[in-house]
Amino acid sequence: MKIWDEYLTERDRQVFAASGYGTYLGMGERPAVLVVDVNYAFVGHEPQPILESIKNWHNSCGEEGWKGVEAIATLLAGAREKNVPIFYSTGVDHRPDGFGRGLWRNSRNSEGSQVPDVDGNTIVAEIAPQPQDVLIAKTKPSAFFGTALMSYLTELAVDSLLVVGTTTSGCVRASVIDAFSNNLRVSIVEEGTFDRGEASHAINLFDMNAKYADVVSLETSLTYLAGLRSDIFAGRIAPAKDPELVAAP
């Protein structure tokens, strides 16, 4: 049973089955991991039910977000065992006058009240980037839009992405579609992806699985990573002991 099944009508099931949507694409030979926006603004500064967490963090996904963090930590451990490149995205602080925010300049993107000494754009400590990882700062939903991400993936000859993060219906979806449009195979790790809306999370997973990506389990992803050679990116990305984290515009 898929997470989206309870939201589909019988007609939906018949139409998508008959039309051939959702055909499994499969994973590539040179993957990277993309962790989309798993920062304090989107999960809160501590695990709390979402209705509590949004009192401090307007955009928080609450407990589901912290469950996602646990799954992401497991995925990243598997990726690092094989020296697979890991990219993170997060938002940026805007000018006080709001210039550069574009259509974000509305209440839908309000951060809510800030918790003292916690920067909402900081990746949560439990999955913080390590020295060999790359942090992409973005101003729009997609991690690709206006950033050097695709250039970095091309430099590494990456052919596929394992995607986790938040929100499923927003920045994850935007990034997945751009990855697909750039001819990358995309696998969305279900347990590591989350949203503040239960229905939008499920339906967007369904829609991306039908058209742009494969929605796969954490177990499937770990099995795939375990089967990779550990030298695929030898000489192309710094080892974990490198002291400098790459911060990219």
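Residues numbered from 1 in each chain as written. Predicted model: local features only at pLDDT ≥ 70, side-chain atom pairs only at ≥ 80, totals over all residues. Heavy atoms only, no water.

In terms of regular secondary structure, the protein chain is built from eight helices and seven strands. At 18 Å, the protein chain has a C-alpha radius of gyration in line with the 18 Å of a compact globule built from 249 residues. When its C-alpha atoms are laid out on the principal axes, the protein chain stretches across 50 × 50 × 30 Å. Going through the 249 residues of the protein chain one by one, you find that 45% of them count as buried. Pairs at least 24 residues apart make up 82% of the contacts formed inside the protein chain by residues separated by at least 6 positions. Positive and negative side-chain charges of the protein chain, numbering 21 and 32 respectively, have mean locations separated by a distance of 6 Å. (Helix = DSSP H or I, 4+ residues; strand = E, 2+ residues; numbered from the N terminus. Rg over C-alpha atoms; globule rule 2.2 N^0.38 Å. Buried < 20%, exposed > 50% of the residue type's maximum accessible area, 1.4 Å probe, protein only. Contact = heavy atoms within 4.5 Å. Lys, Arg positive; Asp, Glu negative; His and termini not counted. Charge placed at Lys NZ, Arg CZ, Asp CG, Glu CD.)

Attention now goes to helix H7 (residues 198–211). In a regular helix each residue adds 1.5 Å, so 14 residues correspond to 20 Å; H7 covers 20 Å between its end C-alpha atoms and thus fits that length. For H7, every residue scored as buried is listed here: His201, Ala202, Asn204, Leu205, Phe206, Asp207, Met208, Asn209 and Ala210. For H7, the elements touching its buried residues are helix H1 (10–19), helix H6 (168–181), strand S5 (185–194) and strand S6 (214–216). (Expected span 1.5 Å × (residues − 1).)

For the structure shown, the criterion picks out four aromatic pairs. Ring plane angle 55 degrees and centroid distance 6.0 Å describe the contact between Trp4 and Phe206, whose orientation is recorded as tilted. Linking Trp4 in the segment before H1 with Phe206 in helix H7, this pair joins segments that are 202 residues apart in sequence. Assigned by exposure class, Trp4 and Phe206 land together as buried. Taken together, Trp4, Phe16, Tyr21 and Phe206 form an aromatic cluster joined through their ring pairs. (Phe/Tyr/Trp six-rings, centres within 6.5 Å; stacked < 30°, edge-to-face > 60°.)

You can see Thr193 is positioned in strand S5. The class for Thr193 is buried, based on a relative accessible area of 4%. Engagement of the side chain of Thr193 in a polar contact is seen with the backbone oxygen of Val189, the distance being 2.8 Å. Once residues lying within four places of it in the same chain are set aside, the contact partners of Thr193 are Val163, Val164, Gly165, Thr168, Val172, Ile188 and His201. (Polar contact = N/O pair within 3.5 Å; in protein donor to acceptor, adjacent residues only side chain to side chain.)

Looking now at the environment of Gln48. Of note, Gln48 is situated in the loop between helix H2 (40–43) and helix H3 (50–53). C-alpha separation for the pair Gln48 and Glu126, spaced 78 residues apart in sequence, amounts to 16 Å.

Where helix H4 (residues 63–81) meets helix H8 (residues 218–226), the axes come as close as 9 Å, and the angle between the chain directions of the two elements is 10 degrees. Looking at the two axes, H4 sits roughly parallel to H8. On H8, the residues touching Ala71, Thr74, Leu75, Gly78 and Ala79 of H4 are Leu218, Ser221, Leu222 and Leu225. Classifying every residue of the contact of H4 with H8 gives six nonpolar, three polar and no charged. (Axes fitted to C-alpha atoms, helices over the stretch in contact; angles between N-to-C directions. Parallel < 35°, antiparallel > 145°, perpendicular 65-115°, else oblique. Nonpolar A, V, L, I, M, F, W, Y, C, P; charged D, E, K, R; others polar.)

In terms of nonpolar packing, the biggest core is built from 61 residues, with Val33, Val35, Val38, Ile127, Leu153, Leu161 and Val176 touching the most fellow members. Ranked by residues supplied to this core, first place goes to H4 with seven residues. When near neighbours in sequence (up to four residues on either side) are disregarded, Val176 contacts Val163, Val186, Ile188, Met208, Tyr212 and Ala213. (Core = buried A, V, L, I, M, F, W, Y, C linked by side-chain atoms within 4.5 Å.)

Turning our attention to the pattern of salt bridges. A full pass over the atoms with the stated rule returns eight salt bridges. With a closest N to O distance of 3.0 Å, Lys55 and Glu52 form a salt bridge. Since its relative accessible area comes to 55%, Lys55 is described here as exposed. The shortest N-O distance in the salt bridge between Arg80 and Asp133 comes to 2.4 Å. Of the two residues, Arg80 is situated in helix H4 and Asp133 in the loop between strand S2 (86–91) and strand S3 (134–138); the sequence distance between them amounts to 53 residues. The exposure classification of Arg80 matches that of Asp133, with both residues buried. The network of salt bridges with shared partners includes Arg173, Asp207 and Lys211. (Salt bridge = Lys/Arg side-chain N within 4 Å of Asp/Glu carboxyl O.)

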